[in-house]
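Structure assessment
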Amino acid sequence: HLIKHGKVIPAINVDRLWALVSEQTRQYYKDNTDKAPVIDVVKAGYMKVTGKGVLPEQPVIVKARYFTKEAEVKIKEAGGVCILCA
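Described below are features of the structure shown in this document. (Residues numbered from 1 in each chain as written. Predicted model: local features only at pLDDT ≥ 70, side-chain atom pairs only at ≥ 80, totals over all residues. Heavy atoms only, no water.)

**Brief notes about the packing of aromatic side chains**
- Under the definition given, this model contains one aromatic pair.
- Between the aromatic rings of Tyr28 and Tyr29, the centroid separation amounts to 5.1 Å while the plane-to-plane angle is 80°, which identifies the pairing as edge-to-face.
- Tyr28 gets classed as partly exposed once you look at its relative accessible area, which sits at 41%. (Phe/Tyr/Trp six-rings, centres within 6.5 Å; stacked < 30°, edge-to-face > 60°. Buried < 20%, exposed > 50% of the residue type's maximum accessible area, 1.4 Å probe, protein only.)

Next comes the structure, spelled out in structure tokens:
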């Protein structure tokens, strides 16, 4: 079969990142600020993180294949880190 849309990349917005983590985990890292949670969006079925929305002022480590510039800026402003993984 001919697939005309061969470049479909599942994306998630910055404001939806915390939905991938349970509420208990979020509260734990809110109290223990010396550590930051690692959110692997690739395991959740996404590849790209886009910059729409507002990220809470809580540091987070995000692993993804692609980041938009806006998403990278918002994650770093919140004190987080962007990790590229193949």
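**Re the side chain of Gln58**
- Here Gln58 lies in the loop between strand S3 (48-50) and strand S4 (61-64).
- Within the local environment of Gln58, its side chain forms a polar contact with the backbone oxygen of Arg26, the two atoms lying 3.3 Å apart.
- The contacts of Gln58, once residues within four sequence positions are left out, are Trp18, Arg26, Tyr29, Lys30 and Ala78. (Helix = DSSP H or I, 4+ residues; strand = E, 2+ residues; numbered from the N terminus. Polar contact = N/O pair within 3.5 Å; in protein donor to acceptor, adjacent residues only side chain to side chain. Contact = heavy atoms within 4.5 Å.)

**Considerations on the nonpolar core**
- Membership of the largest hydrophobic core comes to 17 residues, with the highest contact counts inside it found for Leu17, Val41, Val49, Leu55, Val62, Phe67 and Ile75.
- Those elements giving two or more residues to this core turn out to be S4 and helix H2 (69-77).
- Sequence-distant contacts of Ile75, that is, excluding residues within four places in its chain, are made with Leu17, Val49, Leu55, Val60, Val62, Phe67, Gly80, Val81 and Cys82. (Core = buried A, V, L, I, M, F, W, Y, C linked by side-chain atoms within 4.5 Å.)

**Notes on the pattern of salt bridges**
- Scanning all chains against the criterion turns up two salt bridges.
- Salt-bridge contacts for Glu70 lead to Lys74; the nearest nitrogen and oxygen are separated by 3.7 Å. Here the residue Glu70 and the residue Lys74 both occupy positions in helix H2, the gap between them amounting to four residues, near one helical turn.
- Classification of Lys74 by relative accessible area gives partly exposed; the value is 22%. (Salt bridge = Lys/Arg side-chain N within 4 Å of Asp/Glu carboxyl O.)

**Let's talk about the environment of Lys52**
- Among the structural elements, Lys52 can be located in the loop between S3 and S4.
- By relative accessible area, Lys52 is classed as exposed at 58%.
- A C-alpha to C-alpha distance of 18 Å links Lys52 and Asp40, two positions 12 residues apart in sequence.
- For Lys52, the contacting residues outside a window of four places in its chain are Asn13, Val14, Asp15 and Lys74.

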